[in-house]
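# Notes for the structure review
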Amino acid sequence: MGGLDSSSMETDLDRPNIEEYLTTETIREVPKKLHLSDLLDISPTLTEAAGAIVDDSFTRCFKSNSPEPWNWNIYLFPLWCLGVVVRYGILFPARVGVLALGWIVFFAAFLPVHFLIRGHDKWRRKIERKLVEMMCSVFVASWTGVIKYHGPRPSRRPQQVFVANHTSMIDFIILEQMTAFAVIMQKHPGWVGFIQKTILESVGCIWFNRTESKDREVVATKIREHTQGVDNNPLLIFPEGTCVNNHYTVMFKKGAFELGCAVCPVAIKYNKIFVDAFWNSKKQSFTTHLAQLMTSWAVVCDVWYLEPQYIRPGEIPIEFAERVRDMISVRAGLKKVPWDGYLKYFRPSPKLTERKQQIFAESVLKRLEEK
C-alpha cells in the first residue's frame, strides 16, 4: 500500500476504504501485505446484517401491533361478549347517526355560504372555517374522542408553520377541531378526495402527489406564499411524510425548516388502551380505519403545543429539523429512528445497489492486483 503514487491516491478518494470492512484486530496494526484471508473476513458485515434482520426498526415503525388477548377466560369472556354487543349493536349505529346528521347540517350550511356569498370573501372564509371546525368536532364525537390539549391555542399570524408527528389522517381532524389549519396533504381517491377538493380547499389546504416530482416545486412555492399571508389559516405540516405507528418518529423532511419562519412543534400521543389509532394505509382503506375507530370504546389522545422554535446561527435546516424532532419525541414519549419514511413507498433503486457493489468489487480487485 505504500507503493501507491499521488495520482493513484487521488483517484481512490471516491472509492470505499477496504480497511473499513476488516475486523478491529486486523486493522489495529497495518500489515505489510494485505492477504486474501483479510479481504474475505466479512464477519463484521455479517454481524451487521444479522442484527438488521433481528432488530428491524424500520419495519416496526409501520407495523400495527395486535392487542394482547385478555378475554379467553371463563370469567371475563361473557363480559367481552357483552362489550361486543354494546360496541357493534348500540354505539356504532348511534355514532353513524351522529356522523350522518353532522354531514347533513354541514352541507346545508356550507353550500349556500360557499356559492352564494361571493362578494364578502372575509365573512365567507370565516364562516367556512367555523363549519370545518364543527364538522371535525362531529368526527371526534363519532369516536367518543377524549382529547386533552396542552399549551396555548394556535393563532393566525404570518411567518409561522406548525409541524407534528403523524399517526393517522385523524391527526388533522383532531387538530382541526380546535383551530382551522391549512394542511399539506397527499391527494387521496374516493370520498376523501371529494372532501379535499370541495371542502378543505376553502381553508387553504395544499395537496400533492408524492409520485410526481413536479408537485414538489409547486407545493414549495405555495407554502412560501401561504406563510406570507396575514389572514391565511395557520399552516400544518407532517414532516415525516407518512403515518408512523405512534411508537417511533422517522426522519423529518427539511422543507418546513428552510422557510425562515417560526416552527411550532405539536406532539400527538394516543392511548392504546381502547384502540390503536395507527392507520396502516397499505393494509386498510381510510373507511375501514374509521369503522375500526367507531366500533371501539373511545379514542384517547393528548396534544401538546410546544414553544415556537427558530433556526439558530450556523444551524442548517436538517439540524433544525432534528432538533424539533427531538422535542416532539421527548414530549410524546416516542423513539427516534434514522429512517426516511418514504422508503415505506419507494425502495432504493436497483441501479444504486448495483453501482455500490461494482465500486466495492473494483476496489478489491485493484488491491489484489497490486499485491
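What comes next concerns the included structure. (Residues numbered from 1 in each chain as written. Predicted model: local features only at pLDDT ≥ 70, side-chain atom pairs only at ≥ 80, totals over all residues. Heavy atoms only, no water.)

## Here's the deal with the overall build of the protein chain
Secondary structure summary: the protein chain contains 13 helices and 9 strands in total. The buried share of the protein chain, taken over its 371 residues, is 42%. Long-range contacts, defined as pairs at least 24 residues apart, comprise 76% of the intrachain contacts of the protein chain with a sequence gap of at least 6. (Helix = DSSP H or I, 4+ residues; strand = E, 2+ residues; numbered from the N terminus. Buried < 20%, exposed > 50% of the residue type's maximum accessible area, 1.4 Å probe, protein only. Contact = heavy atoms within 4.5 Å.)

## Some points on the pairing of strand 3 (residues 182-186)
Counting buried positions along strand 3 yields 5 of 5 residues, so the element is predominantly enclosed. Bridging between strand 3 and strand 4 (residues 206-208) involves 3 bridges; their strand directions are parallel. Within strand 4, the residue paired with Ile-184 across the bridge is Ile-206. (Pairing = 2+ DSSP bridges.)

## So, the sheet that holds strand 8 (residues 299-305)
Reading across from one edge, 1-8-7-2-5-3-4 is the order of the 7 strands in this open sheet, with mixed pairing throughout. Every other strand in the sheet has two partners, leaving strand 1 (145-150) and strand 4 as the edge strands with one partner each. Mean inter-strand twist for the sheet, computed between neighbouring axes without regard to direction, equals 25°. Across the sheet, helix 12 (residues 317-332) touches strand 2 (160-164), strand 7 (262-271) and strand 8, and the angle it forms with strand 7 is around 30°. (Axes fitted to C-alpha atoms, helices over the stretch in contact; angles between N-to-C directions.)

## As for the nonpolar core
In terms of nonpolar packing, the biggest core is built from 50 residues, with Trp-143, Ile-170 and Leu-236 touching the most fellow members. Ranked by residues supplied to this core, first place goes to helix 7 (residues 121-142) with 7 residues. The contacts of Trp-143, once residues within four sequence positions are left out, are Arg-95, Ile-170, Ile-173, Ile-174, Leu-290, Leu-293, Met-294, Trp-297, Ala-298 and Val-299. Counting 25 residues, the second largest nonpolar core, distinct from the first, contains Ala-182, Ile-237, Ala-256 and Val-324. (Core = buried A, V, L, I, M, F, W, Y, C linked by side-chain atoms within 4.5 Å.)

## Things to note about the environment of Gly-145
Residue position: Gly-145 is located in strand 1. Here the alpha-carbon distance between Gly-145 and Met-294, two residues 149 residues apart in the chain, equals 9.9 Å. When neighbours within four sequence positions are excluded, Gly-145 is seen to be in contact with Val-140 and Val-299.

## Comments concerning a positive patch on the surface
A contiguous patch of positive charge, built from Lys-122, Arg-125, Lys-126, Lys-130, Arg-153 and Arg-156, is present on the exposed surface. You can see Lys-130 is positioned in helix 7. (Patch = residues over 30% accessible without salt bridge, like charges linked within 9 Å, V, L, I, M, F, W, Y side chains within 5 Å. Areas by Shrake-Rupley, 256 points an atom, 1.4 Å probe, with all protein chains shown as cover. Salt bridge = Lys/Arg side-chain N within 4 Å of Asp/Glu carboxyl O. Lys, Arg positive; Asp, Glu negative; His and termini not counted. Charge placed at Lys NZ, Arg CZ, Asp CG, Glu CD.)

## Here we look at a nonpolar patch on the surface
Together, Ile-74, Tyr-75, Leu-76, Leu-79 and Leu-82 make up a nonpolar patch on the protein surface, roughly 600 Å² of accessible area in all. One can find Leu-79 in helix 6 (residues 77-116). Its relative accessible area of 53% is what places Leu-79 among the exposed residues.

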